[in-house]
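If you want the building blocks of each chain, they are given just below.
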Amino acid sequence: MTLCKRHHLKYSYSVTMFFYFYWCFQSNRNRAVSALQYTTTTATTTTRRNISTTRHVSFSTTTGRFTSCYKVPSPSSSFLFPLSPCSSFSGRHRYPRKNNRLFNSSSSHHNNNIPPLLHNTIAPKTETYHQKLAQLHSSSPLSLAPMMEYTDRHFRHMVRLISHNTLVYTEMVAANAIVHERQDALKRHDNLLTPPPPPGSLLSQQIQQDLDTFGYDMTYLRRFLGQGTIMKEGPSVLQLGGSDPLQLQQACETLLEMTQRGYCDYTAVNLNCGCPSPKVAGKGCFGAALMQDPELVKDLVIAMHNGCRGQLPITVKCRIGTDEGYTFTRQGYQEMDEEKEYGNLYRFIETVASSGVVTDFQIHARIAVLSKNFSPADNRKVPTLKYEVVRRLVEDYPELTFSLNGGINTIVDAKAELEKCPKLAGIMIGRAWAANPWSFAMADEILYPPPSKNIKKHKNRLDVLKAYGKHADMEETIWDPLKVRRFITKAATPLFAGEPMGKKYRIALDEIAARPKKLQQQQQQKEKNLQEEPPISELILQAAMENLSQDVLLRTPQESFEMLYGNEIANNSSSSGQGQSSQKWIIQDWQQDRKKQDGFQRQ
C-alpha cells in the first residue's frame, strides 16, 4: 500500500510538473528552458541566499555556473525558478549578451555609426590615446586624489588656478548612475516629458543643441561629468565605480558623447578598486572588493577601453591588498607573511596588466579592511603604511607606471619620496590638498621640470580669487544660484587656511552661500529681488578684503612656501620640521570644520 502511494505521488508530481512547464512554455519560452535546465542539476546544486529575501543564487557543480533565481510561491517551497538565460553569470561576472555580443539597451538616438565590439575584442589604440597617455605621464608627479563631495569641478578649477601641472581626479562617479540618467533622459524625450527649457538663457541653448545632436538633454549628466567652462581643466582623470562590464562600457560611451558636445575633456578614465567604504565595497560590491577578483577587474577595464573606443587611457586605483582570508588585528597583521601579501598584490597587477589595456596604477600603500565595520577614516589610520611594497612593484614591473598614495601631506614629503624611488611615476595627495590648497602653490617649480614656454601664473591669492570669480559668475549664469552657490563658495573656503582672520573669512563665505535662499524668501514677500544682488565674484572678493590683511592677500607662493617649510628645509628633516607640524595642524582643523559642516547639512 505504501509503495502504491509512493508511485501515485510520483505520478501526480510528474503530471503537475508537466502542466507547469507547459504553461511556462506558452507564457515565456526562455524561462521554461531555464527551468528545465535547472531541474537537471538540482541533485548537484548548492544554494546560498543573496541580500534579497526572495532572490537566490545557485551554483551548479556540473556546469560551473551561477544562476540567479526566485522562489516560486507554492507549497513545495524548495523549488527555485530561474530567470532568463541572460541572468546567468560565471562566477561574479554578469554579462548580458545578445548573439554573443555585449548589447546596448539604448534607443534610436544612440550613435549607430560605431559598430558594437565583441567582448573578447579590444579596440585599437588611436592617436588620441597616445597623446592623452603622454599628457598623463607628464602630469603624474603630483596628483589630487579623488574625494567624494570635495573634488568637484569647482575645487578642481581652484586647483588648476594654483598649479598648472597637477593631475586632478574627479569624485568617484557610479557607472550605473550615468547609465540610468542617460536612459531616463532618453525616455523623457521620447515620451515628450521633458519640460521646455527657459527661453533665452544660455542653458536653454545648450539643451537645444543636446537634443539636436544626441536626442536627449545632458543637463543632469553634466552634474557627474561636466567641467568648468571658463578655461580648460587641463590634465584630469574621471574616476568610475562599478562591477558590471556593460554599465562601465555604456558609461564610457556616454563620456565620449559629452566630450563631443564640449562639456568635458578628460585625460584618462580610472577604475576605483581601492575605496573601502561599506557603502561601496560592502553593499555596492565594487571599490576595494574588486581586488578579490582580478579576472573581473580585467574584464571591467577591457569594457571601459572598448567604451572609450581606444581614445582614452584606462588606469586603476587600488590598495596593496585586502583582509580576505583572515580576521584583521593589528598584531596579527604585523605577524603576517609579507611574501604571501605581496603575492596576492602581484597576481592582481599581473592579471589586470595582462589585459593589454592598463599600464598605469595608483596604489594606496595600505590594505583595505573589509571584514570589520571599519569606516573610511579607520582604513586610513589603522592599517600600517607600507611604501616598500609599492617600491618593490616599481622594480618588478619596469614596463608599468605606479603612483604612491597614502600618508603624504606636503610637497616636501612628495619630493623626498620621489628621490627615494626615482622610477616612481608620482605622488597622490588628497586631504592635505582639500585642507590647504595654497600650500601646494610651488608644486610646479619643485616637482615638475621647467616649462618650455612661459606660463602666466597668479602672483598671489588675491589674483587667484579674481580668476576664480570669473568661473563663479559663469556657473551662476548657467545654473540656478540656489543649487550651485554653496558648492562654489565651498571650493574657495580653504584658500586662506591657517591665516589670521581666516575663520572670519570662512564665516563670510557661509553667509554668501546662504543668501540666494534668503533672497528668494524676501522676493516672495516682494521685499527684495535676487537679480538686484551683485555678482558672486564681487561678494567673494569683498569677503576676503574685509576680513584678511593685505600681507595675506598679496603674499607670493615663494613667500608662503618659505614661511610654511623654511625651518623644515633648513634642518633638512622632512619628517619632524615645523612645516610638517603646522601642515598637520591645518589638516586637523579642516577635519573639525568638515564635521561641523556635515552636522549643519544634516540639520
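A brief structural summary. (Residues numbered from 1 in each chain as written. Predicted model: local features only at pLDDT ≥ 70, side-chain atom pairs only at ≥ 80, totals over all residues. Heavy atoms only, no water.)

1. Describing empty space enclosed by the protein
Picture a little ball the size of a water molecule; that probe, rolled over the atoms, points out where space is still empty.
In step 1: Enumeration according to the criterion identifies two cavities of 30 Å³ or more in this entry.
In step 2: As for the second largest cavity, its lining consists of Arg153, Arg222, Gly226, Gln227, Thr229, Tyr263, Glu475, Ile478 and Trp479.
In step 3: Residues that form the lining of the second largest cavity fall into these classes: three nonpolar, three polar and three charged. (1 Å grid on protein atoms, 1.4 Å probe; cavity = no way out; pocket = protein on both sides within 12 Å on 5 of 7 lines; lining within 4 Å. Points joined across faces, edges and corners; volume = space filled by probe spheres on them. Nonpolar A, V, L, I, M, F, W, Y, C, P; charged D, E, K, R; others polar.)

2. A word on the pattern of salt bridges
In step 1: All chains considered together, the criterion is met by 19 salt bridges.
In step 2: Of the charged contacts, one joins aspartate 210 and arginine 261 as a salt bridge, the two residues approaching to 2.6 Å between their closest N and O atoms. Placement of aspartate 210 in helix H6 (residues 202-214) and of arginine 261 in helix H8 (residues 245-261) is noted, with a sequence separation of 51 residues between them.
In step 3: Here aspartate 210 falls in the buried class, since its relative accessible area comes to 0%.
In step 4: Judged by relative accessible area, arginine 261 falls into the buried class, the value being 16%.
In step 5: Note that aspartate 551 and arginine 555 form a salt bridge whose closest N and O atoms lie 2.9 Å from each other.
In step 6: Salt bridges here are not isolated pairs; linked through shared partners, they connect Arg461, Glu499, Asp551 and Arg555. (Salt bridge = Lys/Arg side-chain N within 4 Å of Asp/Glu carboxyl O. Helix = DSSP H or I, 4+ residues; strand = E, 2+ residues; numbered from the N terminus. Buried < 20%, exposed > 50% of the residue type's maximum accessible area, 1.4 Å probe, protein only.)

3. Brief notes about the packing of H8 against helix H10 (residues 294-307)
In step 1: Across the interface, H8 lies against H10 with an axial gap of 7 Å and an inter-helix angle of 25°. As the angle between them shows, H8 and H10 are arranged roughly parallel. Our pair here, H8 against H10, has a crossing hand that is right-handed. Here Pro245, Leu248, Gln249, Cys252, Glu253 and Leu256 of H8 come into contact with H10, specifically with Asp299, Leu300, Ala303, Met304, Asn306 and Gly307.
In step 2: In terms of residue class, the contact of H8 with H10 is built from seven nonpolar, three polar and two charged. (Axes fitted to C-alpha atoms, helices over the stretch in contact; angles between N-to-C directions. Parallel < 35°, antiparallel > 145°, perpendicular 65-115°, else oblique. Left-handed = near helix turned anticlockwise from the far one by under 90°. Contact = heavy atoms within 4.5 Å.)

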